Amino acid sequence: MQTDHATTHDALEDPRNADILIYINGALKPRAEATVSVYDSGFLLGDGMWEGMRLYEGVWAFFDEHMDRFFDSCKAVSLDVGMDRAGIFDALEMTRRANGMVTDVHCRLMLTRGVKVRPFQHPSLSRSGPTLVIIMEHSKPVDRLASAGIRLATVPQVRGLPMSQDAKYNSHSKLNCVLACLQAEQAGADEALMLDPHGFVNTTNACNFFIVRKGEVWTSTGDYCMNGVTRQKVIDLCRADGIPVFERNYSLFEVHGAEEAFLTGTFGAQTPVAAIDGKPVGDGSRPVTARIQALYKRAVAEYVAARR
């Protein structure tokens with residue numbers, strides 16, 4: 001079914017993606033043959049962790065930060081990665097080289113608890129070791145996201161408390177975010193703006209959320225959302241460049257009065273927001289967002305140049 005909804009992950013069509021090779025536990029499989037068992041704990045229960053990474057000119061951007069989050073998440077849920085960071089890097093490079101990829105590439109690195117002996121919940125039923133999958137695609141954001149922006153709708157689905165399912169986990173269990181996305185689409189928007197358990201503005205179903213008010217950049221406290229690598233880079237860049245930036249609680253009142261709003265994520269970097277709950281955001285000029293986009297682009301270029 002065709003819709004007129006945009007997403008922060010809309011990419012230009014690239015025919016090369018039909019023939020990509022996908023890494024599964026050390027082997028490279030053509031896309032049409034890349035499968036895992038229906039007994040895999042990721043399929044059965046969403047029991048796994050993942051990272052989204054971006055390749056620029058042969059360099060994996062902010063690799064250490066992504067690995068910090070990935071290994072911390074796996075340790076927190078007693079998921080044995082089965083290799084160290086160097087092993088993950090070698091697997092990424094093996095897949096990249098096999099696909100002849102250099103730049104404008106997006107990677108989804110996924111690790112599950114592995115294949116179960118019976119289709120039930122207990123982690124001890126996963127006895128064959130973890131399943132590691134790496135999908136890399138030629139992936140460049142569509143130009144219209146940077147110009148037209150994305151439409152958000154505030155939804156009833158919230159990001160939960162850490163003792164229910166901590167949103168800091170980049171887990172395979174994304175039903176909460178899927179429900180939020182569906183609610184946003186049913187409201188005529190592209191993606192969902194989610195609140196925290198106390199009613200403060202938190203994040204979207206797919207990205208971290210920022211607003212600009214009177215030259216100040218605001219984002220949530222980070223207590224109830226994925227603490228994105230790009231989110232932190234934006235905060236650091238603002239501080240280094242003299243842009244006032246705050247991690248704080250704020251409500252929809254401040255959001256609807258903001259001059260600018262944007263989303264952050266590994267794929268789209270900084271995606272401007274055009275409207276929230278049917279209300280246009282500012283006058284569309286977005287000078288602070290443009291300044292941050294330029295700072296981020298320069299930071300990526302410097303990171304890549306230092307590692308080539």
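Coordinates for the structure precede this section.
Residues numbered from 1 in each chain as written. Predicted model: local features only at pLDDT ≥ 70, side-chain atom pairs only at ≥ 80, totals over all residues. Heavy atoms only, no water.

K.L.:
Break down the sheet that holds strand β5 (residues 105–112) for me, citing the residues and quoting the values.
P.N.:
The 6 strands lie next to each other as β2-β1-β6-β5-β3-β4, forming an open sheet whose pairing is antiparallel. If you trace the sheet from one side to the other, it starts and ends with β2 (27–30) and β4 (59–60), each paired once. Judged from the 8 bridges that link them, β5 and strand β6 (residues 131–138) form a sheet pairing that is antiparallel. Residue V105 lies in a different strand from β6, and its bridge partner there is H138. (Pairing = 2+ DSSP bridges. Helix = DSSP H or I, 4+ residues; strand = E, 2+ residues; numbered from the N terminus.)

K.L.:
Explain a nonpolar patch on the surface to me, and be specific about the residues and the numbers.
P.N.:
Together, L175, V178, L179 and L182 line one region of the surface with nonpolar side chains, adding up to about 340 Å² of accessible area. Locating V178 in the fold gives a position in helix α6 (residues 175–186). What makes V178 partly exposed here is its relative accessible area of 42%. (Patch = residues over 30% accessible without salt bridge, like charges linked within 9 Å, V, L, I, M, F, W, Y side chains within 5 Å. Areas by Shrake-Rupley, 256 points an atom, 1.4 Å probe, with all protein chains shown as cover. Salt bridge = Lys/Arg side-chain N within 4 Å of Asp/Glu carboxyl O. Buried < 20%, exposed > 50% of the residue type's maximum accessible area, 1.4 Å probe, protein only.)

K.L.:
Could you give me a rundown of empty space enclosed by the protein, with the residues and numbers involved?
P.N.:
In the structure shown here, the tally under the stated rule is 3 cavities of 30 Å³ or more. In terms of lining residues, the largest cavity is bounded by R54, Y56, A61, F62, H66, T230, T266 and Y296. In the lining of the largest cavity, the residues fall into 4 nonpolar, 3 polar and 1 charged. The calculated volume of the second largest cavity comes to roughly 40 Å³. In terms of lining, the second largest cavity is formed by V255, H256, A258, I276, K279, P280 and V281. Those elements giving two or more residues to the lining of the second largest cavity turn out to be α8 (252–256) and β15 (279–280). (1 Å grid on protein atoms, 1.4 Å probe; cavity = no way out; pocket = protein on both sides within 12 Å on 5 of 7 lines; lining within 4 Å. Points joined across faces, edges and corners; volume = space filled by probe spheres on them. Nonpolar A, V, L, I, M, F, W, Y, C, P; charged D, E, K, R; others polar.)

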